Amino acid sequence: MIVRISTEDQYRLPDDDAARLNELDNDAVAAVEAGDEDRFHEVFEEMIALVRRDGHRLEDNELEESDVILPPPDLSFTEAAHEFTGDGLIPD
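About the cut-offs
- Residues numbered from 1 in each chain as written.
- Predicted model: local features only at pLDDT ≥ 70, side-chain atom pairs only at ≥ 80, totals over all residues.
- Heavy atoms only, no water.
- Helix = DSSP H or I, 4+ residues; strand = E, 2+ residues; numbered from the N terminus.
- Rg over C-alpha atoms; globule rule 2.2 N^0.38 Å.
- Buried < 20%, exposed > 50% of the residue type's maximum accessible area, 1.4 Å probe, protein only.
- Pairing = 2+ DSSP bridges.
- Contact = heavy atoms within 4.5 Å.
- Axes fitted to C-alpha atoms, helices over the stretch in contact; angles between N-to-C directions.
- Expected span 1.5 Å × (residues − 1).

Let us look at the overall build of the protein. Summing up its helical and strand segments, the protein has 3 helices and 4 strands in all. Against the 2.2 N^0.38 benchmark of 12 Å for 92 residues, the protein shows a C-alpha radius of gyration of 13 Å, consistent with a compact globule. Across its three principal directions, the C-alpha atoms of the protein cover 40 × 25 × 20 Å. Within the protein, the fraction of its 92 residues that count as buried is 38%.

In structure tokens form, the structure reads like this:
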């Protein structure tokens, strides 16, 4: 899975981590729907950290279509309400 972090880079994420990212995405949607800003930020930070830690950053000259585009790390809770809805960023 190719994941882009908006305003940053693209990463190739291993399949095992892609499943974990989907779980976190679902948790983020649940936090937004519950109005739990602290929980949302905790989960979203974990999503970003997972991609940065376990993903292989693509070189600038590698052009790949992103399977998932994560919002920028400084996403506000208000903005999250528009991004993390329904099936989230990663449809099941």
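Continuing now.
What holds strands together in a sheet is hydrogen bonding between their backbones, with the strands either parallel or antiparallel. The strand order β3-β2-β1-β4 describes an open sheet built from 4 strands, whose pairing is mixed. On the outer flanks of this sheet lie β3 (56-57) and β4 (68-70), each paired with one strand and no other. Two elements, strand β1 (residues 2-5) and β4, share 3 bridges in a ladder whose sense is parallel. When the sheet's bridge partners are listed, R4 is paired in β4 with I69. This element, helix α2 (residues 37-54), spans β1, β2 (10-12), β3 and β4 of the sheet and lies at about 120° to β1.

Time to look at the pairing of β1. Pairing analysis gives 3 bridges linking β1 to β2, with the strands arranged antiparallel. Its bridge partner being in β2, R4 is matched across the sheet by Q10. Connecting β1 to the antiparallel partner β2 that follows it, the hairpin turn spans 4 residues, and T7 within it adopts a positive phi of roughly 70°.

Glancing now at helix α1 (residues 15-34). Here α1 is 20 residues long and its end C-alpha atoms lie 29 Å apart, about the 28 Å a rise of 1.5 Å per residue gives. Within α1, the full set of buried residues consists of D17, A18, L21, N22, L24, D25, A28, V29, A31 and V32. Check the buried side of α1 and you find it contacts β1, α2 and α3 (77-83). Looking at the residues trailing α1, positive phi occurs at G35, about 75°.

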